[in-house]
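Structural features, examined
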Amino acid sequence: MTGLLIVVGAGAHGRGTLEILKARRAAGLDAPNVIGFVDDDPARHGTQVDGLPVFGPLQWLVERVHERPLVILALASARAKQALAGQLEPLGVSWAQAIHPSTQAASGVTFDAGAIVNAGVCIAFDTRIGKHTTLNLGATVGHDCVVGDYSTVAPGVNIAGRVSLGVGVEVQTNATIVPAITLGAWSKVGPGSVVLRDVAEHEAVFGNPARRVPSTETSARQI
């Protein structure tokens, strides 16, 4: 199984990740060969996603780690990605990336293991994209930024320069982050918000200008 890719998550994120890899192949770029999915939802076991099988739960993959597959975590939940990475990394899993060929990445941009970058993303110079992050459709990230591990940047988000996202940050659709802002670990920015000040760890903000709100108010689902 060496060099073959298993996608963890057979929902919308998994389907989107498969589309990115198909686009890379169509553009003549390197991309691992996806052979199927695993998903802990029993209703998906034995089904197919775009013609590829959902083999079973995560345990199916764990039992085959000795075959050295490539793995990518295509999940909406940052907490779930962190937990699964912690479970699989000690087993020696090799992580794949999925970077859409339309991505514009300037000099000095780095992508850590497991990064998923969708169509139309633009990243300015000297920015680091952390482990198991997701940058969704049409998002922009400015220069000298850090997007922390397991973070999700939703479609249409505009992050200006020198912004730092901590671990597990969620920035929802069409939000804007002005320059030199820090978003603390596990914080959330609601859709359409304009963030003008630093956001504390575990804090949820919403509005223009963004203000602290109960986290349930920023729980709009993302693709």
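For the structure, check the block above.
So, here is what we can say about the structure in this document.

So, how was this worked out
Residues numbered from 1 in each chain as written. Predicted model: local features only at pLDDT ≥ 70, side-chain atom pairs only at ≥ 80, totals over all residues. Heavy atoms only, no water. Helix = DSSP H or I, 4+ residues; strand = E, 2+ residues; numbered from the N terminus. Expected span 1.5 Å × (residues − 1). Buried < 20%, exposed > 50% of the residue type's maximum accessible area, 1.4 Å probe, protein only. Pairing = 2+ DSSP bridges. Contact = heavy atoms within 4.5 Å. Axes fitted to C-alpha atoms, helices over the stretch in contact; angles between N-to-C directions.

1. What to know about helix 1 (residues 12-26)
For helix 1, spanning 15 residues, the distance from its first C-alpha to its last is 21 Å, which sits close to the expected 21 Å at 1.5 Å a residue. Among all positions in helix 1, only His13, Gly14, Thr17, Leu18, Ile20, Leu21, Ala23 and Arg24 are buried. Looking at the residues trailing helix 1, positive phi occurs at Gly28, about 80 degrees.

2. Side note on the sheet that holds strand 20 (residues 176-177)
Strand order across the open sheet formed by six strands is 8-11-14-17-20-23, with parallel pairing between neighbours. In this open sheet, the two edge strands, each paired with only one partner strand, are strand 8 (104-105) and strand 23 (194-195). Where strand 14 (residues 140-141) and strand 17 (residues 158-159) come together, two bridges link them in parallel fashion. Counted as the bridge partner of Val141 is Ile159 from strand 17.

3. A short note on the sheet that holds strand 3 (residues 48-49)
Pairing within the open sheet is mixed, and its six strands lie in the order 3-4-2-1-5-6. Both outer strands of the open sheet, strand 3 and strand 6 (94-95), are each paired with one neighbouring strand and no more. Bridge analysis of strand 3 against strand 4 (residues 52-56) gives two bridges, and the strand direction is antiparallel. Bridging from a neighbouring strand, Gln48 pairs with Pro53 of strand 4. Packing of helix 1 onto the sheet brings it into contact with strand 1 (4-8), strand 2 (33-38), strand 3, strand 4 and strand 5 (70-73), and relative to strand 2 it is tilted by some 175 degrees. Contacts from helix 3 (residues 78-88) reach strand 1, strand 5 and strand 6 within the one sheet, and its direction differs from that of strand 5 by about 160 degrees.

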